[in-house]
Amino acid sequence: MIREEHTDADDELLLRSQRDPTAFEPLVTRHSAALHGYLVRRAPGAADDLLSELWLRAYAGRHGFDAARGTARAWLFGVARHVLAAHWRRLETEAPPGSAQFAEGIASDPWQAVDQRLDAAAVAPVLRHALTKLPAVERELVLLIAWEQLTPTEAASVVGVPPGTARSRLHRARTRLRERLGALVSSTRMSKTGESA
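Source: prediction; values computed, not measured.

Cut-offs used in this document
- Residues numbered from 1 in each chain as written.
- Predicted model: local features only at pLDDT ≥ 70, side-chain atom pairs only at ≥ 80, totals over all residues.
- Heavy atoms only, no water.
- Core = buried A, V, L, I, M, F, W, Y, C linked by side-chain atoms within 4.5 Å.
- Buried < 20%, exposed > 50% of the residue type's maximum accessible area, 1.4 Å probe, protein only.
- Helix = DSSP H or I, 4+ residues; strand = E, 2+ residues; numbered from the N terminus.
- Contact = heavy atoms within 4.5 Å.
- Axes fitted to C-alpha atoms, helices over the stretch in contact; angles between N-to-C directions.
- Parallel < 35°, antiparallel > 145°, perpendicular 65-115°, else oblique.
- Left-handed = near helix turned anticlockwise from the far one by under 90°.
- Nonpolar A, V, L, I, M, F, W, Y, C, P; charged D, E, K, R; others polar.

Caption draft 1: A look at the nonpolar core. Within the largest apolar cluster, 47 residues are counted, with the highest numbers of intra-cluster contacts made by Leu35, Leu39, Leu54, Trp55 and Leu144. With 11 residues, the top contributor of residues to this core is helix α4 (residues 72-94). Non-local contacts of Leu39, meaning those with residues more than four positions away in its chain, are made with Pro44, Ala47, Leu50, Leu51, Leu54, Ala80 and Leu84.

Caption draft 2: Expanded view of unusual backbone geometry. The backbone of Gln149 sits at a positive phi, close to 65°, despite the residue not being glycine. As for its position among the elements, Gln149 is in the loop between α8 (136-146) and α9 (152-159). Assessed through its relative accessible area of 48%, Gln149 is described here as partly exposed.

Caption draft 3: Seen up close, α8. Counted residue by residue, α8 has 8 buried out of 11 residues, so it is predominantly covered. Within the span of α8, buried status applies to Glu138, Arg139, Glu140, Leu141, Val142, Leu143, Leu144 and Ile145.

Caption draft 4: Fine view of the packing of α4 against α9. Orientation of α4 relative to α9, taken along the N-to-C sense of each, is 40°, at an axis distance of 8 Å. One element, α4, and the other, α9, form an angle in the oblique class. Here α4 and α9 pass one another in a crossing that is right-handed. Where α4 approaches α9, its residues Arg73, Ala74, Phe77, Gly78 and Arg81 are matched on the opposing element by Glu154, Ser157, Val158 and Val159. Looking at the contact of α4 with α9 residue by residue, the classes come out as 4 nonpolar, 2 polar and 3 charged.

Caption draft 5: Representation of the packing of helix α3 (residues 47-60) against α4 within the structure. Remark: α3 packs on α4, axes separated minimally by 9 Å, with the N-to-C direction vectors making an angle of 125°. If you check the angle between α3 and α4, you find them oblique. Crossing handedness for the pair α3 and α4: right-handed. Across from Leu50, Glu53, Leu54, Trp55, Arg57 and Ala58 in α3, the residues of α4 making contact are Trp75, Leu76, Val79, Ala80, His82, Val83, Leu84, Ala86, His87 and Arg90. Here the residues of the contact of α3 with α4 are counted per class, giving 11 nonpolar, 2 polar and 3 charged.

Purely geometric stuff here, so don't read any function into it on its own.
Put into structure tokens, the structure is as follows:
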């Protein structure tokens, strides 16, 4: 599989970069688009700056990577998550109260923007609401897997939980989302056909 080959190669590059800094460059080329997408979906106006900050932090912290604890890809998404959290904390403390930046920082999770980027307009408000009702770790697991195409094991590493725990939480999150969306589909059908429950 290509993905597994990249994962093994990425792990080796990140480990090698601890001795040879030039080995870090292919990681930037290979992962920038995916990491930028992760940041754009969470902090659209600041994604470019956050990506730069992410790469600076990842390079500076590359000695902390341990392949026994997860893949290089998951480690990079973990760095992205920390950069994003720091961004939201900065907004909360630096922005004047009442400003858009302050509101973004207070949210620490800009879900109101999610429905603007979903294709299914009728489902977007319910999906957004259902996502906000999930515990933060479950929501992040769902989005890392659905949006960022991480494996459950990689997503577990990003949020800092064991893989088995991540799979269990992911199952619960998907069940909750399915129930909420199922209720929407049923109510939509009833309103269109005029049938009662």
